[in-house]
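Fold and contact review
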Amino acid sequence: MNNEETITSTTRQELDIIRSTRAQVMSHRELTGENLFLAW
């Protein structure tokens with residue numbers, strides 16, 4: 001794996017983490033009605 005492929009792989013992993021966290025927050029919001037804000 002070259003440097004560009006490593007960066008692309010890392011970026012995809014980071015985006016997956018963000019998507020997962022956002023989905024968890026939205027699910028929590030639907031269940032509790034609380035407004036939570038994410039900041040990166």
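That block above? That's the structure.
Report follows, based on the coordinates.

Looking now at the overall build of the protein. Looking only at helices and strands, the protein features 1 helix and 0 strands. For the protein, buried positions account for 2% of its 40 residues. If you sum the accessible surface of the protein, you get close to 3,800 Å²; carbon and sulfur atoms cover 52% of it. The average position of the 4 basic charges and that of the 6 acidic charges among the side chains of the protein differ by 7 Å.

Okay, the pattern of salt bridges next. On inspection of all chains with the given rule, the structure shows 1 salt bridge. Measuring nitrogen to oxygen at the nearest pair gives 3.4 Å for the salt bridge that ties arginine 19 to aspartate 16. With arginine 19 and aspartate 16 both in helix 1 (residues 3–32), this residue pair falls 3 residues apart, about one helical turn.

The next thing to look at is the environment of aspartate 16. Accessibility expressed as a relative area gives 47% for aspartate 16, which makes it partly exposed. Sequence separation of aspartate 16 and leucine 36 is 20 residues, and the distance between their C-alpha atoms is 19 Å.

With respect to the helices, strands and loops of the structure, threonine 32 is situated in helix 1. For the pair threonine 32 and threonine 21, spaced 11 residues apart in sequence, the C-alpha separation works out to 16 Å. Here histidine 28 takes part through its backbone oxygen, which lies 2.8 Å from a polar atom of the side chain of threonine 32. Separated by 3.2 Å, the side chain of threonine 32 and the backbone nitrogen of glutamate 34 make a polar contact.

What follows concerns the environment of arginine 29. On the secondary structure map, arginine 29 appears in helix 1. Along the backbone, arginine 29 and threonine 8 are 21 residues apart, and their C-alpha atoms lie at a distance of 31 Å.

Scoring rules and cut-offs
- Residues numbered from 1 in each chain as written.
- Predicted model: local features only at pLDDT ≥ 70, side-chain atom pairs only at ≥ 80, totals over all residues.
- Heavy atoms only, no water.
- Helix = DSSP H or I, 4+ residues; strand = E, 2+ residues; numbered from the N terminus.
- Buried < 20%, exposed > 50% of the residue type's maximum accessible area, 1.4 Å probe, protein only.
- Areas by Shrake-Rupley, 256 points an atom, 1.4 Å probe, with all protein chains shown as cover.
- Lys, Arg positive; Asp, Glu negative; His and termini not counted.
- Charge placed at Lys NZ, Arg CZ, Asp CG, Glu CD.
- Salt bridge = Lys/Arg side-chain N within 4 Å of Asp/Glu carboxyl O.
- Polar contact = N/O pair within 3.5 Å; in protein donor to acceptor, adjacent residues only side chain to side chain.

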